[in-house]
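Structure assessment
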Amino acid sequence: MAEGTLEEAAPARESGLHDGEREPGWAGRALWGVRAYGFVVAMWVRSALAYRASFLLLAVGSFVTTCLDFVAIMIMFSHVDALGGFSLPEVAFLYGVACTAFGLADLLLGSFDRIGARIRDGSLDTLLVRPVPVLAQAAADRFALRRLGRITQSGLVLGWSLTRLEIDWTAAKLLMLPVMLLSGTVIFCALFVLGGAVQFWTQDAAEVQNSFTYGGVTLLQYPPTVFATDLVRGVTFVVPLAFVNWLPALWILGRDDPLGLPGWLDFAAPLVAAGCCAAAGVVWRAGLRAYRSTGS
């Protein structure tokens, strides 16, 4: 397919248009994208459940593998009473929130690291010529239901930590829990989309993307007090991972912010998540328009 044809087709296909149809508004495009994503996901789920024994083994393997991360933390606490001034239940709380949010994002959009491979071999062309938004297709590509194992494991750790923390729970703190999980999931989803979009120019940056997603969740499993101040500033103001769990969790736990930031930032996670989504959308559209195929 010629480059010009692809470039002209991209905006229309991203909106899910057929020839002769009027372009819908942003709400219509978003609804169509969600529906298309659901159709593709349902296909992959049916495929996974066709071999249930294999699916269960993969899910259990994911559960056991992610358990090893928390086992490492428990081994640390077998030698120390606190890590950066945080007790085991407090670290488990940070771990549970970060890993649950990341697990949900990985389940929903974890296939974006395949974009670079599709760009290099030209198979992204097949997504462009379908009457389905490219973003929805890329997000649902090879949807892996086995990733529920990671979510289950981190959810259990979070639940255990909540039973062990000595917190004076109020309505505001209880409400903060689902807000943290939802905002953290959206922030990680935005990072997946941004990482995929950057590959339109780099074509081979999956490992760079993973350093901010998989590397980011590993960073957030530990208290901010164990890291250098400059690093904490970086994940607060440059790549805003601190809003996934550090800042709101410090408020719930009654801990002081190591950066001494204004207190209202503890509640800014939803705004940060919205800003990350807006930035990811802009970069994704720019990357899609810059795509020139392989020429074959």
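This text gives an overview of the structure that appears in the document. Note that the structure is a prediction, hence the values are computed from the model and not measured.

1. Describing the environment of Leu-259
Here Leu-259 is to be found in the loop between helix H12 (246-253) and helix H13 (269-290). The sequence separation of Leu-259 and Thr-225 amounts to 34 residues, and the corresponding C-alpha distance is 9.7 Å.

2. Re the nonpolar core
In terms of nonpolar packing, the biggest core is built from 84 residues, with Ile-73, Phe-93, Phe-112, Phe-188, Phe-243, Trp-246 and Trp-284 touching the most fellow members. Here this core takes 14 residues from helix H4 (residues 88-109), the largest share from any one element. Setting aside residues no more than four positions away along its own chain, Phe-188 makes contact with Ala-98, Ala-101, Phe-102, Ala-105, Phe-212, Thr-213, Val-217, Leu-220, Leu-241 and Val-244.

3. So, helix H11 (residues 229-238)
Listing the buried residues of H11 in full gives Val-232, Val-235 and Thr-236. Down the axis, H11 shows its buried residues gathered within 100° of arc, on one side only. Exposed and facing more than 90 degrees away from the buried side of H11 are Asp-230, Phe-237 and Val-238.

4. What about the packing of aromatic side chains?
A full pass over the atoms with the stated rule returns nine aromatic pairs. Here Phe-112 and Trp-284 contribute two aromatic rings whose centre-to-centre distance is 5.5 Å and whose plane-to-plane angle is 80°, an arrangement assigned as edge-to-face. Of this pair, Phe-112 sits in the loop between H4 and helix H5 (115-121) while Trp-284 is found in helix H13, placing the two residues 172 residues apart along the sequence. Residues Phe-112 and Trp-284 agree in their burial class; the two are buried. Ring geometry for Phe-200 versus Tyr-291: centroids 6.2 Å apart, planes at 65°, classification edge-to-face. Separated by 91 residues along the polypeptide, Phe-200 in helix H9 (residues 171-202) and Tyr-291 in the segment after H13 bring together distant segments of the chain. Side by side, Phe-200 and Tyr-291 carry an identical accessibility label, which is buried.

5. Brief notes about the side chain of Arg-147
For Arg-147, the location among the structural elements is in the loop between helix H7 (134-140) and helix H8 (148-164). Non-local contacts of Arg-147, meaning those with residues more than four positions away in its chain, are made with Ser-62, Asp-106, Leu-107, Gly-110 and Ser-111.

6. Topic: the pattern of salt bridges
Scanning the model with the defined rule gives five salt bridges in all. Glu-90 is paired through a salt bridge with Arg-255; the nearest N and O atoms lie 2.7 Å apart. With Glu-90 in helix H4 and Arg-255 in the loop between H12 and H13, the pair connects residues that are 165 residues apart, well separated along the chain. Exposure remark for Arg-255: the relative accessible area of 30% places this residue in the partly exposed category. A salt bridge links Asp-141 to Arg-114; the nearest nitrogen and oxygen atoms lie 3.0 Å apart. Of the two residues, Asp-141 sits in the loop between H7 and H8 while Arg-114 sits in the loop between H4 and H5, which places them 27 residues apart along the sequence. Note on Arg-114: relative accessible area 30%, which makes it partly exposed. Members of the salt-bridge network, linked through shared partners, are Arg-114, Arg-118 and Asp-141.

7. Structural notes on the packing of helix H3 (residues 52-77) against H8
Between H3 and H8, the shortest axis-to-axis distance is 7 Å and the interhelical angle comes to 40°. By the angle class used here, H3 and H8 are oblique. Read as a crossing pair, H3 and H8 show a hand that is right-handed. Of H8, the residues touching H3 (which contributes Ala-59, Ser-62, Phe-63, Thr-66, Cys-67 and Phe-70) are Gly-149, Arg-150, Thr-152, Gln-153, Leu-156 and Val-157. Looking at side-chain class alone, the contact of H3 with H8 contains six nonpolar, five polar and one charged residues.

8. Observations regarding the environment of Val-179
Along the chain, Val-179 turns up in helix H9. The exposure class assigned to Val-179 is partly exposed, which follows from its relative accessible area of 27%. Considered as a pair, Val-179 and Pro-248 are 69 residues apart in the sequence and their alpha carbons are 9.3 Å apart.

9. Quick word on the environment of Thr-213
By the element assignment, Thr-213 lies in helix H10 (residues 206-220). Distance from Thr-213 to Phe-77, taken between C-alpha atoms, is 26 Å for residues 136 residues apart in sequence. Excluding residues within four positions of it along the chain, Thr-213 makes contact with Phe-102, Phe-188, Leu-191 and Phe-192.

Rules of the game
Residues numbered from 1 in each chain as written. Predicted model: local features only at pLDDT ≥ 70, side-chain atom pairs only at ≥ 80, totals over all residues. Heavy atoms only, no water. Helix = DSSP H or I, 4+ residues; strand = E, 2+ residues; numbered from the N terminus. Core = buried A, V, L, I, M, F, W, Y, C linked by side-chain atoms within 4.5 Å. Buried < 20%, exposed > 50% of the residue type's maximum accessible area, 1.4 Å probe, protein only. Contact = heavy atoms within 4.5 Å. Arc of directions from axis to C-beta. Phe/Tyr/Trp six-rings, centres within 6.5 Å; stacked < 30°, edge-to-face > 60°. Salt bridge = Lys/Arg side-chain N within 4 Å of Asp/Glu carboxyl O. Axes fitted to C-alpha atoms, helices over the stretch in contact; angles between N-to-C directions. Parallel < 35°, antiparallel > 145°, perpendicular 65-115°, else oblique. Left-handed = near helix turned anticlockwise from the far one by under 90°. Nonpolar A, V, L, I, M, F, W, Y, C, P; charged D, E, K, R; others polar.

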